[in-house]
Amino acid sequence: MIRAVYPGSFDPITNGHIYIAERAAALFDELIFAILINPDKASTFSQEERQIMASEALAHLPNVRVKYFNGLLVDFMRQQESRIIIRGLRALSEFDYEFQLAQMNRQLAPEIETFFMATDAKYSYLSSSGLKTAFRFGGDVSEMVPPGVYARMKDKIRRNDK
Ligand code: ADP
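These numbers come from a predicted model, not from an experiment.

**Some points on the packing of aromatic side chains**
To describe a pair of aromatic rings, you give the distance between the ring centres and the angle between the ring planes. Applying the stated criterion across every chain, the model contains 8 aromatic pairs. Taken together, the ring pairs in this structure connect Tyr-6, Phe-10 and Phe-33 into an aromatic cluster.

Written out as structure tokens, the structure is:
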């Protein structure tokens, strides 16, 4: 039984995240979609909102479980008895940061491996923060997120054009 963990802020989950989760879920027996709760970093959506949106968006994947964690990722990995971290890569510009993170995690927990998965070209521009900015300024982002997320964005994020 191989269990992988896909960690991130997912504030909110986008179609790019769903794409990676679908591909990882097809490769591993179980995938934990792990939402990082960072008390030092302001988030747009609460822990509960992020969890609900992710659970709805991933409901079609029976071997995916949505959880949240705070503190060190490697501690969560050990708790969940998983040795595989999944990270999505959009562009070369992300590599430095991701490589550093992977090496830090390896220092902390040598038994854990980071797997990088390339996104699809159609999601390579898509980030949670870019999405929110575009939405705030009146951009049509309805094709970038599942309908449930779009509905919550309309409730939560004040649009500057209205
Ligand atoms: P974090 O706050 O951990 O940087 P995010 O919540 O933005 O991250 O994303 C979590 C993971 O999903 C990261 O590995 C990130 O590179 C990846 N990711 C984000 N957007 C996309 C996308 N459009 N396609 C594929 N992977 C993505």
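**Concerning the environment of Asn-160**
Tracing the backbone through its elements, the reader meets Asn-160 in the segment after helix H6 (147–156). With a relative accessible area of 46%, Asn-160 lands in the partly exposed category. Sequence-wise, Asn-160 and Phe-137 are 23 residues apart; in three dimensions their C-alpha atoms are separated by 5.5 Å. Each residue touching Asn-160, except ones within four places of it in the same chain, is listed here: Arg-136 and Phe-137.

**Some words on the nonpolar core**
With 37 residues, the main nonpolar core has Tyr-6, Ile-13, Leu-31, Phe-33, Leu-58, Ile-86 and Met-153 as its most contacted residues. Among the elements of the structure, strand S1 (3–8), helix H1 (15–27), strand S2 (30–36), helix H2 (47–57), strand S3 (64–69), strand S4 (84–89), helix H5 (128–136) and H6 are those that each provide at least two residues to this core. By residue number, the principal contributor to this core is H1, which donates 6 residues. Sequence-distant contacts of Leu-31, that is, excluding residues within four places in its chain, are made with Ala-4, Val-5, Tyr-6, Ala-21, Ala-24, Ala-25, Asn-63, Val-64, Arg-65 and Ile-86. Core analysis: the second largest hydrophobic core is formed by 11 residues, Ala-34, Leu-73, Met-77 and Ile-112 among them.

**Here's the deal with the pattern of salt bridges**
Enumeration according to the criterion identifies 10 salt bridges in this entry. A salt bridge links Asp-11 to Arg-50, with the nearest nitrogen and oxygen atoms 4.0 Å apart. Here Asp-11 is found in the loop between S1 and H1, whereas its partner Arg-50 is found in helix H2, with 39 residues between them in sequence. Comparing Asp-11 with Arg-50, the two get one shared label, buried. For Glu-98, the salt bridge identified is with Arg-87, shortest N-O distance 2.9 Å. Taken together, the residues Glu-98 in helix H4 (residues 95–108) and Arg-87 in strand S4 connect sequence positions 11 residues apart. Of the two residues, Glu-98 and Arg-87, both sit in the buried class. Put simply, Arg-3, Glu-30 and Arg-65 are held in one network by salt bridges that share partners.

Procedures and definitions
Residues numbered from 1 in each chain as written. Predicted model: local features only at pLDDT ≥ 70, side-chain atom pairs only at ≥ 80, totals over all residues. Heavy atoms only, no water. Phe/Tyr/Trp six-rings, centres within 6.5 Å; stacked < 30°, edge-to-face > 60°. Helix = DSSP H or I, 4+ residues; strand = E, 2+ residues; numbered from the N terminus. Buried < 20%, exposed > 50% of the residue type's maximum accessible area, 1.4 Å probe, protein only. Contact = heavy atoms within 4.5 Å. Core = buried A, V, L, I, M, F, W, Y, C linked by side-chain atoms within 4.5 Å. Salt bridge = Lys/Arg side-chain N within 4 Å of Asp/Glu carboxyl O.

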